[in-house]
Amino acid sequence: MSRLDFEDVTVRYGHHTVLDRVSLTVPEGQIMGLVGESGSGKSTLARAAVGLAPLDGGRILLDGQPVRHRGRRRPIQMVFQDPFSSLDPRMSIGRSIAEALPDRLGRGPRAAEIARLVQLVHLDPDRAADAPSRLSGGQRQRVAIARALAGRPSVVLADEITSALDVSVQGAILNLVREMQRETGLTVLFISHNLAVVRYVATHVAVMAGGRIVEQGPTADVFANPASAYTRELLASIPGPA
Amino acid sequence: MRRHWPQVLRTPVGIVGIALLTILLLLAVLAPLLWGDRATATDTGDILSGPSSQHWAGTDDLGRDIFFRTLVATRLSIVLTLLATALGVGLGLLLGLAPLLLPRRLGRIMVAFLNVLLGFPSLLMVLFLAVILGVSTSSAVLAIGVAIASPFARLVHTLGAGIAERDYVAAARISGVNPVRVIVRHVLPNVAEPLVVNATVTASSVLLAFGGLSFLGIGVQPPQYDWGRLMQDGLGSIYTNPLAALLPGIAFVVTGLAFNLTGEAAAGTFGAKSRSRSRWTSPAAPVTVRPSGSGDEEHARVADVLDVRDLHVSFPGPEGPISPVRGVSLTLRTGEAVGVVGESGSGKSMTALAVAQLLEEPGRVTAERLTFCETDLQAGARSDHDALLGTSLAVVFQDPMSSLNPVMRIGSQLVEAARRHQGLTRQEASDRAVDRLRAVHLADPERRARQHPHEFSGGMRQRTMIAMGLMGTPRLIVADEPTTALDMTVQRQVLDLLQETRRDHGTAILLISHDVSVVSSVCDRVLVMYAGRIVEDLPSADLRTKARHPYTRALIGAVPDMATDLDAPLTTIPGQPVDPRNVPDGCAYAARCPLATERCRQDDPVLVADAIGSVACWHADVALDVRIEEEAR
C-alpha cells in the first residue's frame, strides 16, 4: 500500500506542453479515476510515472520518495489499452508473465507463481503455455493484469483497459479490477474516458483538460456537484435514453 | 517463422529456388574435392582452345579446363558471398539496433549518420573502400560487407523502431527487463521474417558485387579464382571462345536466381499470412434461402425506406462458405431511427455494408427482398442503382479519415459526389457544399471547404461525412460506429446532428454501435444481433426494463451507466462469441446462456413478434422472472 504523488509535473514534446504543472495525489489503497478527453494528457501522466515519458519539471513521489526507474524491482506497474499489442505475439502467456517476476526463481517455484497469477485473474492455469493469439481480447487483458501483478507492485496504472474490449467482456474486467484491489489493497490510477466506468470502479476521481487537473475529489461528490464547467459539460455529454 | 518454411517449399518459385540453392551448395562442397586437380592441371600443348570433347568449354591461356574451373570456383564465389553478406547483416543489425539502446539524442545522431551513408551508391562505396583498404580478397569482403551494412541497418532500425513502440515492449521495460534483453527477446524475433527475406535477396547482389570487383581485378587475386576472375580471363578470347566468359556468366545468373527466387518465395509466404486467398469455387451462391415467414406483407408499405427480408452475407472459406449474417430482416420507415447492437463478430457491420451495397468481393449478399426507396437493389447491375444510392443513401463509418481522400480539398470532395449524381454546375455544387458544411455546424464553412482532411479534427471529419450525405436529399443514413473514435463531448455533437438531420429531412437512420447507451439515445427501436441473427427487436425505451432475451439483458448489465448499483458486480457473459465458421445447432447463444435447456441446444428459436417487440428465445417468458429473482438475492 502506497501513496503516489505527482508534484508540479511538466512534460513537453518539442514545443507542445502535454502536462502543465500537474499536481495530483493518488490516495493509498484506493482506486482513483482519471477522466478527460483525448489529448488531455491523462496517458502521458501514467507514462511519466513509469518512466516512459521524461519529465521536464516537477517530481513523482511514491510514499514520499522519488520513484526509481532502474533495476529489477519496479513498484509501479501499468496495464495498457490494447490487449492485442500489449502481449508479445511470439511469447507464451506464461513467459510474458514470468518476465515480469522480480526475483529469479527455480523452475518449480516459477511455474507455481505463474499458475497462481493466472488463476488470480480467473484463467485456467493450463493455458499458460498458450500463445496470445489463442486468447480473446478479454482473456488477453486478464493476462496483462496478471503480468502487472507479477512484479508485486504497490501501485498499478490502468490506461483505458476496457475501451478496446467488447461490451460483453468489459463488465468482467471491471469486476476483476475491483476484486483485485479489494484483495490486495493496491493503489490504482484508473484512466478512462468513460465516466460511468469510473463511477463504478473509482472512489476518487480527477478530471483533466488541456494538460491540467481541473477538478478532483471523491467520485460521488464530483459527479453529484461538479465544481468546474468542464466537468459539467462532460457529465452532460453522457448519452442516455432520448 | 518455422511454420512458414514448409510453405515456401510448396510454391513453384520456392521449389525451384531451394533446389537451385541445394545444387549450388553441393557443388561448392564437392567440386573442389572431385575436380580440383583437373581445374588446375595446365596443358601447354592445348592453350586457348575452343570447346572440344575433352574440354567442354575450352581451355584458358595456361591450357586449364574452363568448365571444371567454373565448377570449382563455385566454392570460393559462394563462400565469399556468404561471408560478405554475414558481415554486412551483422554490422547492419548492430548499427540498426544501437539507436534503440542509446540515449535519445545520441540515437538520433546515429540514425542521421545512417541516412547520410545511404546516400552513397553502394557500388561506389565498395570501389572507394577497396581502394583504401588495398587490393586483397579480405579487403573486398570487408568493403562489400560495409557497403551493404548501411541499407540493412536502415531497414533494421525502421522495423525495430516500429516494434519498440509496441505496448509489450513498454511493458517489459516497466517490469525492469534490461534494454539489451528487451531487444533480443521482443524486438528481434518480431522483425526476423522480413530481415531474413531481405538478407537472402541482399546475398544475390553481394554475389554480383563480388564478381564485379574480381572482374575489375580488385577482388580475388590469382592464383585464387572465382567466377568474376574467370569471366575477366575469358573476356580476352570472347571472339574465339565465347563460352570462356559466358560460362561464369551463366553461373552468376543461376546463383543470383537461386537467392532471389528463395527470397521471393519466402517473402510471398511470410507476407501472405494475413491475406485470405479464399475464392468462391462455384459461380452460384451456395446460400440456402429459408422459406419466408408469413404475414409480413403489411410491412411493404410505400413509406418504407428500406425493406430487407432474410438477408444473408457469405464469404468463401477453406471449409465451405462462412456466413457472418444469417437471415436478417428489417424495415425502416421514413424518419425512423433503428439501432443495431451486438458484440464484434455479431454481423452488425456486415449487415450495414450489405444494405449500403458496399460489401466487397468475395463477400456475397443474398436476400429474399432488398428494397431501398421502392427499388429492388438485387435487380439489374449494381451500376444501375448508382444514381439512387448516390443521392438518397449516406454512409458514415467509424474512421472518417479512411473515407475522405487525404489529397483533395474538403469542398471538392463534396462537390464531386453531387455533380456526378445531381448534374449541378460547378458553382451550384460549390455553393451547396459550403451551405451543407454550415448545416453540420462547422464554423467558417467557406474557409473549411478549402482545407484538406488532415486539417480537420475527428469530430469535424465525421460531420463532413454527414454533410457529404446531405449534398443530396438522403432518405437513409447508415452509420457504422460513427462516434466510437470520438471524445464524449464530440460524440454528443455528432449524435445531435444525426437527430437534427432526421427531424429536418425525415431521413431514416440505421445506427450500428456496440454501445447500448449511444443507440438508445438516438433510436426508436433497437435490434440486438448475435451470431448473424437478430435475437431481439424492441423499443429503445423498453431496453433496460423489458428486454427478454438473456443476451440482451447480459449486454445491458455488463456495461455500467450512471445509475448502476455500486455494490453489485456487473453481469458477465461466460464463454466466447460464436465462430461464424462453426455455428452450433439450435440457439447460437445456448452455450453461454444461464437458461439454456436441451431444447435450446437442439432447436433454433425463431423471432416471434408480440406486444413489446420480437424475441428469438425459447425462454422469453421466464427470462425476466429469473432475472428479477437473481437480482433480489
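Residues numbered from 1 in each chain as written. Chains lettered and ligands numbered in written order. Predicted model: local features only at pLDDT ≥ 70, side-chain atom pairs only at ≥ 80, totals over all residues.

## Observations concerning the overall build of chain B
Step number 1: When helices and strands are counted, chain B shows 23 helices and 13 strands.
Step number 2: For 633 residues, the compact-globule estimate of 2.2 N^0.38 gives 26 Å, and chain B exceeds it by more than 25% at 35 Å.
Step number 3: Its C-alpha atoms give chain B principal-axis dimensions of about 110 × 65 × 60 Å.
Step number 4: Looking at chain B residue by residue over its 633 residues, the buried ones come to 46%.
Step number 5: Long-range pairs, those at least 24 residues apart, make up 67% of the contacts in chain B with a sequence separation of at least 6. (Helix = DSSP H or I, 4+ residues; strand = E, 2+ residues; numbered from the N terminus. Rg over C-alpha atoms; globule rule 2.2 N^0.38 Å. Buried ≥ 20, exposed ≤ 12 C-beta atoms within 10 Å, placed from the backbone. Contact = placed C-beta atoms within 7 Å.)

## Quick notes on the overall build of chain A
Step number 1: When you go through chain A residue by residue, the secondary structure sums to eight helices and 10 strands.
Step number 2: In terms of overall dimensions, chain A is globule-like: its C-alpha atoms have a radius of gyration of 18 Å, near the 18 Å expected for 242 residues.
Step number 3: In chain A, buried positions account for 50% of the 242 residues.
Step number 4: Taking as baseline every contact in chain A between residues at least 6 positions apart, the subset at least 24 positions apart corresponds to 68%.

## Structural notes on the UniProt feature "transmembrane region" (unreviewed entry) in chain B
Residue and element names in this part refer to chain B.
Step number 1: The sites that carry the UniProt feature "transmembrane region" (unreviewed entry) are, in the present numbering, residues 12-35, 78-102, 109-133, 195-218 and 238-259.
Step number 2: Between the C-alpha atoms that bound residues 12-35 the distance is 32 Å, and the span itself is 100% helix and 0% strand.
Step number 3: Regarding residues 195-218, the helix share stands at 92% and the strand share at 0%, and the terminal C-alpha atoms are separated by 30 Å. (UniProt positions renumbered as here; feature names shortened; annotations may be inferred.)

## Quick word on the UniProt feature "domain: ABC transporter" (unreviewed entry) in chain A
Step number 1: Mapped onto this structure's residue numbering, the UniProt feature "domain: ABC transporter" (unreviewed entry) falls at residues 4-235 of chain A.
Step number 2: End-to-end, the C-alpha atoms of residues 4-235 of chain A are 27 Å apart, and along that stretch the chain is 35% helix and 26% strand.

## So, the sheet that holds strand S10 (residues 212-218) of chain A
Residues and elements named next belong to chain A.
Step number 1: Within the open sheet, the six strands sit side by side as S6-S7-S8-S3-S9-S10. Their pairing is mixed. The open sheet has two free edges, formed respectively by strand S6 (76-79) and S10, since each of these has just one partner strand. Sheet twist, expressed as the average angle between the axes of neighbouring strands with direction ignored, equals 20°.
Step number 2: Where strand S9 (residues 204-209) meets S10, six bridges bridge the pair, whose relative direction is antiparallel. Bridge pairing links His 204 to Pro 218 in S10. (Pairing = 2+ DSSP bridges. Axes fitted to C-alpha atoms, helices over the stretch in contact; angles between N-to-C directions.)

## Section: helix H21 (residues 550-558) of chain B
Step number 1: With respect to burial, H21 of chain B is a largely interior element, nine of its nine residues being buried.
Step number 2: Of the residues making up H21 of chain B, those classed as buried are Pro 550, Tyr 551, Thr 552, Arg 553, Ala 554, Leu 555, Ile 556, Gly 557 and Ala 558 of chain B.

## Description of the environment of Leu 48 of chain B
Residues and elements named next belong to chain B.
Step number 1: In this structure, Leu 48 sits in the loop between helix H2 (12-40) and helix H3 (66-101).
Step number 2: As a C-alpha pair, Leu 48 and Thr 366 span 318 residues in sequence and 76 Å in three-dimensional space.
Step number 3: When near neighbours in sequence (up to four residues on either side) are disregarded, Leu 48 contacts Thr 59, Asp 60, Asp 61, Ser 237, Thr 240 and Asn 241.

## Some details on the pairing of strand S3 (residues 31-35) of chain A
Residue and element names in this part refer to chain A.
Step number 1: Within S3, five of the five residues are buried, which leaves it mostly tucked inside the rest of the structure.
Step number 2: Here S3 shows no split at all, with Ile 31, Gly 33 and Val 35 on one side and Met 32 and Leu 34 on the other all buried.
Step number 3: Looking at chain direction, S3 and strand S8 (residues 187-191) are connected through four bridges and run parallel. Pairing of Gly 33 across the sheet is with Phe 190, part of S8.
Step number 4: Examined bridge by bridge, S3 and S9 share four bridges and lie parallel to one another. Paired with Met 32 across the bridge in S9 is His 204.

## Section: the domain arrangement of chain B
Step number 1: Domain boundaries assigned for chain B yield domain 1 (11-274), domain 2 (301-522) and domain 3 (540-632).
Step number 2: A separation of 63 Å is found between the C-alpha centroids of domain 1 of chain B and domain 3 of chain B. (Domains from an automatic or database assignment.)

## Some points on the packing of helix H6 (residues 137-164) of chain B against helix H8 (residues 179-216) of chain B
Residues and elements named next belong to chain B.
Step number 1: Following both chains from N to C, one finds H6 and H8 inclined at 155°, their axes separated by 10 Å at the closest point. Classified by the angle between their axes, H6 and H8 sit roughly antiparallel to one another. Judged by the sense of rotation from one axis to the other, the crossing of H6 with H8 is right-handed. Each of Ala 140, Ile 144, Ile 148, Phe 152, Leu 155, Val 156, Leu 159, Gly 160, Ile 163 and Ala 164 in H6 lies in contact with H8, whose residues at this interface are His 186, Val 187, Asn 190, Val 191, Pro 194, Leu 195, Asn 198, Thr 202, Val 206, Ala 209, Phe 210 and Leu 213. (Parallel < 35°, antiparallel > 145°, perpendicular 65-115°, else oblique. Left-handed = near helix turned anticlockwise from the far one by under 90°.)

## Description of the UniProt feature "domain: ABC transmembrane type-1" (unreviewed entry) in chain B
Step number 1: Sites flagged by UniProt as "domain: ABC transmembrane type-1" (unreviewed entry) map to residues 74-263 of chain B.
Step number 2: Taken end to end, residues 74-263 of chain B comprises 84% helix and 0% strand; its first and last C-alpha atoms sit 20 Å apart.

## Here we look at the sheet that holds strand S7 (residues 393-396) of chain B
Residue and element names in this part refer to chain B.
Step number 1: Taken in spatial order, the eight strands make up an open sheet running S7-S8-S9-S3-S10-S11-S13-S12, and their pairing is mixed. Since the sheet does not close on itself, it has two edges, and those belong to S7 and strand S12 (608-609), each with one partner.
Step number 2: Here five bridges tie strand S8 (residues 476-480) to strand S9 (residues 508-512), and the two strands are oriented parallel to one another. For Leu 476, the partnering residue across the bridge sits in S9 and is Ala 508.
Step number 3: Contacts from helix H11 (residues 348-355) reach strand S3 (337-341), S8, S9 and strand S10 (525-530), with the element oriented near 145° to S9.
Step number 4: Relative to the sheet, helix H18 (residues 488-505) contacts S3, S8 and S9, its axis offset from that of S8 by approximately 165°.

## Here's the deal with the interface of chain B and chain A
Step number 1: Facing 45 residues of chain B, the contacting portion of chain A comprises 44 residues.
Step number 2: Elements with a minimum of two residues in the side of chain B that touches chain A: helix H7 (167-174), H8, H18, helix H19 (516-522) and H21 of chain B.
Step number 3: Split into classes, the residues belonging to the side of chain B that touches chain A amount to 22 nonpolar, 17 polar and six charged. (Nonpolar A, V, L, I, M, F, W, Y, C, P; charged D, E, K, R; others polar.)

## Section: the nonpolar core
Step number 1: With 244 residues, the main nonpolar core has Met 32, Leu 157, Leu 189 and Phe 190 of chain A together with Ile 144, Val 478 and Val 528 of chain B as its most contacted residues.
Step number 2: Ignoring sequence-local partners within four residues, the contact set of Val 478 of chain B consists of Ala 352, Val 355, Ala 356, Leu 393, Val 395 and Leu 510 of chain B. (Core = buried A, V, L, I, M, F, W, Y, C linked by C-beta atoms within 7 Å.)

## Section: unusual backbone geometry
Step number 1: In this structure, Pro 223 of chain B follows Pro 222 of chain B across a cis peptide bond, with omega equal to 10°.
Step number 2: For Pro 223 of chain B, the location among the structural elements is in the loop between H8 and helix H9 (227-235).
Step number 3: One non-glycine residue, Asp 63 of chain A, adopts positive backbone phi at about 50°.
Step number 4: Here Asp 63 of chain A is to be found in the loop between strand S4 (57-62) and strand S5 (65-66).
Step number 5: Even without being a glycine, His 441 of chain B presents a positive backbone phi close to 65°.
Step number 6: Examined against the element boundaries, His 441 of chain B turns out to sit in the loop between helix H15 (426-439) and helix H16 (445-449).

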